[in-house]
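# An overview of the molecular structure
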Amino acid sequence: MSILVCGGAGYIGSHVVRALIDAGDDVVVLDNLITGHVDAVHEKAKLELGDLKDDEFMKRVFNENKIDGVIDFAAFSLVGESVKEPLKYFENNFYGTLCLLKHMKSYKVNKIVFSSTAATYGEPENIPILENDRTFPTNPYGESKLSVEKMLKWCDKAYGIKYTALRYFNVAGAHPSGEIGEDHDPETHLIPIILEVALGKREKINIYGDDYPTMDGTCIRDYIHVMDLADAHILALKRLNAGNPSDIFNLGNGEGFSVKEVLDIARNVTGHAILSEISSRRDGDPAKLIANSNRSIKELNWIPKYNSLEKIIETAWNWHQNHPHGYQD
């Protein structure tokens, strides 16, 4: 089976590509390298350099490759930036996927696993969050992803394009081999920033707000290991190939950790004193996000292997120690 992975040179995409190849699939990676890295792409994958919004490029990709299914990660994902630049996010995240779906329709490719986000929920009405809870995003990033989910629903109804949207929570960790991991510029994710302080690349970690309605005043998030996430994407595609209907699933560990708790665990894992400082809140940050992933476990037969924050941080620390400058090393 030949799978087109859009955004396959990025953090999550590269780990999914590795898992697909390990499972024996042929993989075509499509990436414009705005945030991705050539060195993150597995040597057995075919790399197509270009953009989803480039019509001629997309025609060539679909003409030259027999695509059986699509996994789509191609998106900007910085919440703060999305608040300042909403049009950038809707053009890339929504319109880019619209262009992809047009070509899937033209070439009769009718299965897609879509990388969605817990940001579609906004401030949740329940904890843990269920898939049928209210969706009311508090930032354009989440709104752009929710807009794609709605577009997918209508494309299924009109064209028979079956989809699985995976709403995942905070992704962290690295491949256990240490060969690929998380490398963003700028880095905005909490765990790699904490580890950069441990490596001496930063002086301190800024905690954005300590006045949230949580036990210690800092935001609470549900962390999921990137390889557990990769497994879920493969299982979601397998479920579609078996003829199951379109659906939406949460992916998380079902346990929340505050920023201060993450810091304490990272200090234990690394053995370093990691300085922190309280800063003002960021726009668009909900106080608490924790997943209920029971449907994923039951209907996708998904079994997370890295279900402790210590294990997640250990694999991330292994990557960052061996690649202190990311893929530049």
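Presented here is an overview of the structure given in this document. In every chain, residue numbers begin from 1 and rise along the written sequence. A pLDDT threshold of at least 70 governs which residues receive local features in this predicted model, and a stricter bar of 80 or more applies before side-chain atom pairs are shown or counted, although totals over entire chains, interfaces and linings include all residues. Note that water and hydrogens are dropped before the side-chain values are worked out from all heavy atoms of the structure.

### As for the layout of surface pockets
To be explicit about the condition: For cavity detection a 1 Å grid was placed over the protein atoms alone, and a set of points counts as a cavity when a 1.4 Å probe fits there but cannot get out; an open set counts as a pocket when protein lies on both sides within 12 Å along at least five of seven lines, with lining residues being those that have an atom within 4 Å of a point. Grid points are joined across faces, edges and corners, and a volume is the space filled by probe spheres set on the points. Amino acids are sorted into nonpolar (Ala, Val, Leu, Ile, Met, Phe, Trp, Tyr, Cys and Pro), charged (Asp, Glu, Lys and Arg) and polar (every other residue, Gly among them).
Looking at the second largest pocket, its volume works out to about 290 Å³. Taken together, 17 residues form the lining of the second largest pocket, with Asp183, His184, Lys201, His325 and Gly326 sitting closest to its centre. Across the lining of the second largest pocket, the residue classes break down as three nonpolar, seven polar and seven charged.

### Side note on the pattern of salt bridges
To be explicit about the condition: Salt bridges, as used here, are contacts in which a Lys or Arg side-chain nitrogen is within 4 Å of a carboxyl oxygen on Asp or Glu. Put simply, DSSP marks the helices as runs of H or I at least four residues long and the strands as runs of E at least two long, and each gets a number from the N terminus on.
Taken as a whole and assessed by the stated rule, the structure comprises 20 salt bridges. Residues Glu179 and Arg18 are paired through a salt bridge, measuring 2.8 Å at the closest nitrogen-oxygen approach. You can see Glu179 sitting in the loop between strand 7 (170-172) and helix 6 (190-198) and its partner Arg18 sitting in helix 1 (residues 11-22), a full 161 residues away along the chain. Residues participating in the shared-partner salt-bridge network are Glu131, Arg239, Asp247, Arg295 and Glu299.

### Details of the pairing of strand 1 (residues 2-6)
Spelled out, the test is: Burial classification: accessible surface area is computed with a 1.4 Å probe over protein chains only, and a residue below 20% of its type maximum counts as buried, one above 50% as exposed, and the rest as partly exposed. Two strands qualify as a pair provided that DSSP identifies no fewer than 2 bridges between them. A clockwise path from the first strand over the helix to the second, with the strands pointing away from the viewer, defines a right-handed crossover.
In terms of residue burial, strand 1 counts as a mostly covered element, since five of its five residues are buried. Relative to strand 2 (residues 26-31), strand 1 is paired through five bridges, and the arrangement is parallel. Across the sheet, the residue bridging to Cys6 is Leu30, located in strand 2. For the crossover from strand 1 across helix 1 to strand 2, the handedness is right-handed.

### So, helix 1
Basically, it comes down to this: Expected helix span is given by 1.5 Å per residue-to-residue step, counting one fewer step than there are residues.
The terminal C-alpha atoms of helix 1 lie 17 Å apart, and with 12 residues this matches the ideal 16 Å at 1.5 Å per residue to within 8%. Burial analysis of helix 1 places 11 of its 12 residues in the buried class, which makes it a mostly covered element. Within helix 1, the full set of buried residues consists of Tyr11, Ile12, Gly13, Ser14, His15, Val16, Val17, Arg18, Ala19, Leu20 and Ile21. Two residues or fewer past helix 1, Gly24 is found with a positive phi of approximately 95 degrees.

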